[in-house]
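Here is what each chain is made of, one letter per residue.
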Amino acid sequence: MRKIENNRSLKVLSAALLGVAALGAPAVAETVTVTPDMDGTELSNLNQLQTDEVRNFNFNSSDETYTVTKNLGTSTAGEININGIIGETAKSVIDLNTNKGFDVNSAANLTIDSVEITNGRHNDYNSGAALQISNSRANVVIKNSTISNNHTEFSKMSNSYGAISVGSGTLELDNVVFENNSATNNYVGNANACGGALTLLGDSNIHVTKITGEFNNNSVISNDNTRDTYGAIGGAIMNNGGIIDEINANFTSNKSINYQQWADGAAIANWAGKINKISGDFVDNCSISYLGWASGAALSNQYGTINNISGNFKNNKTIAGAYALGAVILNGDTIGDITANFIGNRAEAGTYINGGTLNNQGTIKSITGVFSDNYSLAKTGYNYGTTLFNYGTIEKLHSSFINNIGEANASYAVGTLANYSDGKIGEIIGDFIGNKLTGATFGFGAGIYNYGTIDDVSSNFRNNTLTAGTYVRGGALMNVGTINNITGVFSDNYSSAGTYNYGATLFNDVTIEKLHASFINNTGEAKTSYAGGTLTNSGEIGEIVGDFIGNKLVGGTFAYGAGLFNSGTIGSIAGNFSGNSTEASTTLNGGTIRNGGTITSIEGDFTENRANSGTFMIGSTLRNDGTIEKLHSSFINNIGESKTSYVMGTLANLGNISELAVNFLNNSVKTGSETNLALGGAVYTETDLLFTADNRQSIFSGNRTEDYRGKLPNAIFVRTNKIDSSTGEETFYNPTI
């Protein structure tokens, strides 16, 4: 690029700029064309000229650079046009040469076309280095241009703004590239670094009609070494109250950096502003707070409104010394529709994380897209909503969550999607596949953790993994709130706890109205203590429709219900239980179902389920300590085996079953003990049972026990203290009862 600099002035040009007629001739037109012998003051003079004429500043070629030698000053009222030329590899350049650019504080109409404006500097308060607009009648259009390497830096109690600041007026940015612009604040106190590329300063008279182009490597930096520093906000754009009709731009490698407290919105921070539409890709943007908290590496919407967002969010990062909130998007107010994919984003926090990718504390109408391969790490605190955290309202969430990872190195990991407390989600449509949560202490819901309200979940949960050093609840889904309906399949999920594992796949502690889902090939382990239920319910479930097939539960000591562990209330269960297995190093209670609560009815068959225990086993397939009103089932080819102690019944009843319409075919219970017994190949009961054929054939056939006495065709064992005071037992050996 050819740089044109010359300190010689042109007398004719000077006369024109002063509006003086030469030798009585008419005034020279207000047009300046760049020539090699300019001294760098011509643009400033033209910008400040009092005239009714249109003012033009023209370049001759794309490789010309005009170097400014003083601040451009205040743009006077009227029309000003800066006309550059774009070539194949370059465009015309205005080098501000560390001076301040345009100050539009009048009813000026400024158009900048096909020019790069670079190297502006400003060290005073509340103004951009390249352009300031602060008049409600001002209108500025920048098109086909580049704004680069403009910087502000303050060390006083005032906000710093980057390349362009707007306090009032109208702005249009059409096909504009913003690169390497920055705002830095070094003040010891409550001052902000805002909008490295563009800042809208909080006036309802600000109107930006469009922003199209690119924002690359812009930044805001709060540099002070004390904790009084406030914020680094909007690495590329900070909108504090303005109205933006449209943003159609890509944002790449923009940064918000704060050494002490808050870093927010590395690409866009919308604070109390209104944006109608945002479309574009957000890639490699980063919010960093070395000692404080960081949020919204791509977008932060605080107290503002955004109607629509579309695009892709990839490889954005939030790093916080303390707290990380929404590594990609933080919403505290209102967003309409989000149509976007969130891929490969990352959040790290010294203490806790709320929303590794997205944090919503306001209202979002809908989210449509995929969340995949995102990662979040909380080093010393909890990781809550490792991918998405909702504390507000999301009307529709039509998204799949795939291969996301959340870790809490010293505390608990909660939900790839966490819907907290007062959070409300209307409907969730999308699958949860291959997500992984790891908690040093507790792990809750590798797919969904719900503490609020969700209307409907239509999702498949597959290959999700939840591990915790102490306690696991809900390997794929944990509900301690209200969910109206769940429809889908839970398959091949895995959970492992150092001690307790309850709800190895799904844990419900409050309310699920309808659970229409099958549970297939899920695995839950508790290394040193209890394992309870692929599905554990201690709350209320209205109805369950679906099959339990091939699930596995392993307890370090005790194990309850490879299919279902219920201590709450369930209405009806309609489904088959097949090929499930339960292992316990000591006691096993209810290999496939353990019921200590209330179930209105069970209709379905139990086939080829397996249970193995180190010591006692009570109910190799089903143990009831509570109430089952109706049990209409066939039990076929189920096996229970204890290595060293008693084993009691394929069905063990210690509570109340009001009505049984059942078949028991070829079930067996076995103990390896040389002194203890296997009792009730089909049924073991300690209370009265009424078998009801209900006009159907009810068959007991091929059921047996096996212990040191050998194999015995024993169908039913009834324990009662009324028969024999020494043994308290009455035994029926007829296998065809």
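Predicted model only: the values in this text are computed from it and were never measured.

J.: Help me understand the overall build of the chain in this model?
T.: Looking only at helices and strands, the chain has 2 helices and 92 strands in total. What you see for the chain is a C-alpha radius of gyration of 36 Å, clearly larger than the 27 Å of a compact globule of 737 residues, by over 25%. Summarising its shape, the C-alpha atoms of the chain cover approximately 135 × 50 × 40 Å along the three principal directions. Sorting the 737 residues of the chain into buried and exposed places 58% on the buried side. Surface accessibility of the chain: about 25,400 Å² in total, with carbon and sulfur atoms responsible for 45%. On the chain, the mean spot of the 42 positive side-chain charges and the mean spot of the 64 negative ones are 4 Å from each other.

J.: Just to check I follow, could you spell out the pattern of salt bridges for this structure?
T.: Two side chains that carry opposite charge are able to pair once their charged atoms sit near each other. All told, the structure shown has 5 salt bridges when counted by the stated rule. The partner of Arg346 in a salt bridge is Glu348, and the shortest N-O contact between them spans 2.6 Å. Between Asp707 and Arg709 there is a salt bridge, and its shortest N-O distance comes to 2.9 Å. Classification of Asp707 by relative accessible area gives buried; the value is 7%. If you follow the salt bridges from partner to partner, you end up with Arg594, Arg623 and Asp625 in one network.

J.: So what exactly am I meant to see when it comes to the packing of aromatic side chains here?
T.: In this description, a pair of aromatic rings is defined by centroid distance and the angle of the planes. Scanning the model with the defined rule gives 48 aromatic pairs in all. Residues Phe444 and Tyr449 carry aromatic rings whose centres are separated by 6.2 Å and whose planes lie at 20° to one another, so their mutual orientation is stacked. When the ring of Tyr530 is compared with that of Tyr560, the centres are 5.9 Å apart and the planes differ by 40°; the resulting orientation is tilted. Note that Tyr530 is positioned in the loop between β62 (523–526) and β63 (531–532) and Tyr560 in strand β68 (residues 559–560), a separation of 30 residues in sequence. Its relative accessible area of 22% is what places Tyr530 among the partly exposed residues. Over the ring of Tyr560 we find Arg594; its NZ or CZ atom is 4.9 Å from the centre of that ring.

J.: Is there a simple way to explain the pairing of strand β40 (residues 375–378) in this structure?
T.: Here is the key point about a regular strand: its side chains alternate between the two faces of the sheet. Of the two faces of β40, the one holding Tyr375 and Leu377 and the one holding Ser376 and Ala378 are both buried throughout. Bridging between β40 and strand β44 (residues 405–408) involves 4 bridges; their strand directions are parallel. Across the sheet, residue Leu377 finds its bridge partner in β44, namely Glu407.

J.: Any chance you could explain the environment of Ser411 here in plain terms?
T.: Note that Ser411 resides in the loop between β44 and β45 (413–414). A sequence separation of 31 residues divides Ser411 from Thr380, and the C-alpha atoms of the two residues are 6.5 Å apart. In this view, Ser411 contacts Thr380, Gly381, Tyr382, Gly439, Ala440, Thr441 and Phe442; residues no more than four positions away in its chain are not counted.

J.: Even after reading the chapter, I still don't get unusual backbone geometry, so can you show me in this structure?
T.: In most cases, non-glycine residues show a negative phi, while peptide bonds are predominantly trans. The phi angle at Asp284 is positive, at roughly 60°, despite the residue not being glycine. You can call Asp284 partly exposed: its relative accessible area is 39%. A positive phi angle, close to 65°, is found at Tyr303, a residue other than glycine. Within the secondary structure layout, Tyr303 lies in the loop between β30 (299–302) and β31 (305–314).

J.: Would you mind going over the nonpolar core with me for this structure?
T.: Burial of nonpolar side chains together is a common tendency in soluble globular proteins. Core analysis: the biggest nonpolar cluster contains 116 residues, and Ile82, Phe102, Ile247, Phe251, Ile268, Leu515 and Leu631 have the highest contact counts within it. For Ile82, the residues in contact, after removing those within four places along its chain, are Leu43, Phe57, Ile94, Phe102, Leu110, Thr111, Ile112, Asp113 and Val115. In this structure, Phe444, Tyr471, Phe507 and Phe565 belong to the second largest nonpolar core, which totals 13 residues.

J.: Can you help me understand the side chain of Asn501 in this one?
T.: Within the secondary structure, Asn501 sits in strand β59 (residues 500–502). Relative accessible area serves as the criterion here: at 0%, Asn501 is assigned to the buried category. Engagement of the side chain of Asn501 in a polar contact is seen with the backbone oxygen of Glu525, the distance being 3.0 Å. Contact partners of Asn501, with chain neighbours within four places excluded, come to Val472, Ser495, Ser496, Gly524, Glu525, Ala526, Tyr530, Ala531 and Gly532.

Reading guide: rules and limits
Residues numbered from 1 in each chain as written. Predicted model: local features only at pLDDT ≥ 70, side-chain atom pairs only at ≥ 80, totals over all residues. Heavy atoms only, no water. Helix = DSSP H or I, 4+ residues; strand = E, 2+ residues; numbered from the N terminus. Rg over C-alpha atoms; globule rule 2.2 N^0.38 Å. Buried < 20%, exposed > 50% of the residue type's maximum accessible area, 1.4 Å probe, protein only. Areas by Shrake-Rupley, 256 points an atom, 1.4 Å probe, with all protein chains shown as cover. Lys, Arg positive; Asp, Glu negative; His and termini not counted. Charge placed at Lys NZ, Arg CZ, Asp CG, Glu CD. Salt bridge = Lys/Arg side-chain N within 4 Å of Asp/Glu carboxyl O. Phe/Tyr/Trp six-rings, centres within 6.5 Å; stacked < 30°, edge-to-face > 60°. Lys NZ or Arg CZ within 6 Å of the ring centre and 35° of its normal. Pairing = 2+ DSSP bridges. Contact = heavy atoms within 4.5 Å. Core = buried A, V, L, I, M, F, W, Y, C linked by side-chain atoms within 4.5 Å. Polar contact = N/O pair within 3.5 Å; in protein donor to acceptor, adjacent residues only side chain to side chain.

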